[in-house]
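As a plain string of letters, each chain reads:
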Amino acid sequence: MIKTLLRKIGAGALPMLVPTLAWAEDKAKWNLQEPHTEVARQMYDLHTIVLIICLVIFIGVFGVMFYSMLKHRKSVGHQAAQFHENTTVEVIWTVVPFFILIGMAWPATKGVLSMRDASSPDLTIKVTGYQWKWGYEYLKGEGDLSGVADGMQIYSTLSTPREQIYGNAPKGEHYLLEVDNPLVVPVGKKVRVLITANDVLHAWWVPAFGVKQDAVPGFIRDSWFKVDKPGTFRGQCAELCGKEHGFMPIVVVAMEQKEFADWAAKNKVATASTATAAATATAK
Amino acid sequence: MSAVIGHDQDHDHGHGYHPGGLMRWVKTTNHKDIGTMYLWFSFVMFLVGGFMAMVIRAELFIPGLQVVNPEIFNQMTTLHGLIMVFGAIMPAFVGFANWLIPMQIGAPDMAFPRMNNWSFWLLPPAATLLVLSLFVPGGAPGVGWTLYPPLSIQQGMGMDLTIFAIHILGMSSIMGSINIVTTILNLRAPGMTLMKMPLFVWTWLITAYLLIAVMPVLAGAVTMLLTDRHFGTHFFNAAGGGDPVLFQHIFWFFGHPEVYIIAIPAFGVVSQVIPAFSRKPLFGYTSMVYAVASIAILSFLVWAHHMYTAGLPTTAQLYYMYATMLIAVPTGVKVFNWVATMWKGSLSFETPMLFAMGFLFLFTLGGFTGLVLAVTPVDIQLHDTYYVVAHFHYVMVAGALFSAFAGVYFWLPKWTGHMYDETLGKWHFWLSFIFFNMIFFVQHFLGLAGMPRRIPDYAPQFTDFNMISSIGAFGFGLSQLLFLYIVLKCIRSGEKAPQKPWEGADSLEWTHLPTPAPYHSFETPPVVK
């Protein structure tokens, strides 16, 4: 209940700052992207709470300042008072913010704890950042979905043509946010991602999932998500990784479990035949 | 400020050896000459770094690659950051320190005049190395000002030039800081106890300690990069037993206090300007000093909030979140004190006051976005996006730079003996204020909606905000040429300034020194009651 309310306020609070015409047409532009996992939803709500607290204090403090600017100016003949301390006031404005902060820290702590709980996944996928593409490998896991996609590998590269980037062709709908082979995951299942890199730092970021994790060469980090509805979700590399940093997007397609199983079965055969073909080619 | 008795200055006798022309500036040991050189150097660097910002904003005006290729784009973001932090903002406040500390504490000059000369003259070679790196094979480093390995290990020799530049800049800062600490602790006039010092002097005393503590840490970090690059060490290479994230810890152990090295002297300037134009003493002087000191101490304990996505343990994420949020308390105290200083004052809004209030308003906004970013789960979404870019430019530009402008307009009469053009000064403020918000306010939305920083090209849904931002940037850049014109006009043909042009100003440089300030500030120390 409160959360729904918060989300509604959240959608309204930011645009209120700027009375601009166009916002109604595209709300997503003014705030965090629409969340599609529980964790992302917590982040969204937390941001709204913190933002509202900040706005209230901001308006309070600068309300006082602007009042003072209007009423206490020399040009209206205001004489300067000469007070320069007041212990009571100073103690109040030190202690009160402290308690406001504790009020913010409480939900934030809950957010951190749930965000970091990657235990008992249904599916585990290893994500590797390369200069400049993403590699995905479905690991042999212990969860519900073990066996469905085990050992499958995907390399995911930007599919926007160079002509569009250099302005020789009109830009497509998903300009810079499209790949040749997206990562495919099932809806409603806990997917754990193990993230690493092959060369330099990268960061795997999908805003709708609330997942952003640096990919560190030589180390494995983890994160997780459980997508609430089927769809295509887009993100980008979020850690500077060299000249093509802006050109290694992440696309995740979430599908119903059954479709996912079908996709995996089909793709496994394809991967296997490519592997055989490659092996034959090498043998020759 | 306290009343002073028995000052008896003779301003025109024996200044000793005075070379003329260029050699005057090369050999000078005078705190005012050196302060002037710091300020001009910083302005030149501000224009150089600003030009790089223009290149960045030109490329980001519309989607697609038009102006530069991605390599050059990354070099521009890197050098823009390094030049603005180390070349523009830091030297600007050292310039203020040189000019003002001896005058405000009743000293004749800085404690180590020769070292003062050397700490300035290290800067031009360092800046030259930085700019030169653009022209060597491989170009300047395209790694961001944070220089994270392993990407920085991959770079060409431009990276080595940058490392040496940072070494030299670090030496300069450390020497400057030792000089400032010694001057403040040893050369105060009789009666000028620590708790009677103007707040600007206090902020520099604390900043100087921060610099001495963290510049060697940065030097260590970049030296480790250097040996990883050329001498086969593996500090940051997992294959050799190292860890790339180690660099981030060391860098931000320097980097977070660095943020306050920039912000704290800005607090000091604003704490001089606001009481002067409120015609009322600073509210809560003691709590201001304690707030600055606690911000400085806390700044050593929060560095990994820059690394929430690097893979910290859960407990570390929680600790750094709590510690970071705690900084809001002393920062809040400062803002409340400034507003309380204005409350029931007799306010007037000359250019220095306008900039100080612009600082107060926008710095606080930047402080609030800092609080948003401190909250770990929210930061996971916002880390490395344009939201962060907006946040730190609110603190660095609307914070530090606006405060430096406030300081320049405030002390320009004392420095040059002439008044600046008030109308043009107000124009400069309003243009800067409006264009600044045009550039950076919309970047909050870009970051929220998911635009990563440090990308040369972006998806079309980010186009309109980027256009607004770029137009703002060109406007902001041009407005700064107006500032140059105002300063030159003031030096050449400004009206003659009285000893104390600001009614409410009360520190020693206004109450005891003529305008323009004499070459040697106080030859006989004033007695402060």
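Rules behind the numbers
- Residues numbered from 1 in each chain as written.
- Chains lettered and ligands numbered in written order.
- Predicted model: local features only at pLDDT ≥ 70, side-chain atom pairs only at ≥ 80, totals over all residues.
- Contact = placed C-beta atoms within 7 Å.
- Helix = DSSP H or I, 4+ residues; strand = E, 2+ residues; numbered from the N terminus.
- Nonpolar A, V, L, I, M, F, W, Y, C, P; charged D, E, K, R; others polar.
- Domains from an automatic or database assignment.
- Buried ≥ 20, exposed ≤ 12 C-beta atoms within 10 Å, placed from the backbone.
- Pairing = 2+ DSSP bridges.

As for the interface of chain B and chain A
Often, the extent of an interface is quoted as the loss of accessible area on bringing the components together. Contacts between the two partners involve 76 residues from chain B and, on the opposite side, 77 residues from chain A. Ranked by the residues each element gives to the side of chain B that touches chain A, the list is headed by helix H12 (residues 328–342) of chain B, at eight residues. Taken together, the residues of the side of chain B that touches chain A sort by class into 46 nonpolar, 23 polar and seven charged.

Focus on the domain arrangement of chain A
Residue and element names in this part refer to chain A. Its domain assignment divides chain A into domain 1 (2–116) and domain 2 (123–283). Of the residues lining the interface, ten residues belong to domain 1; the matching set on domain 2 comes to ten residues. Classifying every residue of the side of domain 1 that touches domain 2 gives five nonpolar, three polar and two charged.

A word on unusual backbone geometry
Residue and element names in this part refer to chain B. Going from Pro149 to Pro150, the amide bond is cis rather than trans, its omega being 0°. Relative to the helices and strands, Pro150 is located in the loop between helix H5 (123–132) and helix H6 (151–154). That bond from Thr515 to Pro516 is cis: its omega, -10°, falls within 30 degrees of zero. Structurally, Pro516 is set in the loop between helix H18 (508–511) and strand E2 (527–528). Even without a glycine there, the phi angle at Lys344 is positive, about 60°. Structurally, Lys344 can be placed in the loop between H12 and helix H13 (351–374). Unlike most non-glycine residues, Arg454 shows phi in positive territory, near 60°. For Arg454, the location among the structural elements is in the loop between helix H16 (422–449) and helix H17 (463–493).

Quick word on the pairing of strand E1 (residues 123–130) of chain A
All names here are of chain A. Of all the eight residues making up E1, six are buried; the element is thus mostly covered by neighbouring parts of the structure. Where E1 meets strand E5 (residues 191–197), seven bridges bridge the pair, whose relative direction is parallel. Bridging across to E5, Gly129 finds its partner in Ala197. Alignment of E1 against strand E2 (residues 133–138), held across six bridges, turns out to be antiparallel. Across the sheet, Ile125 pairs through a bridge with Tyr138, a residue of E2.

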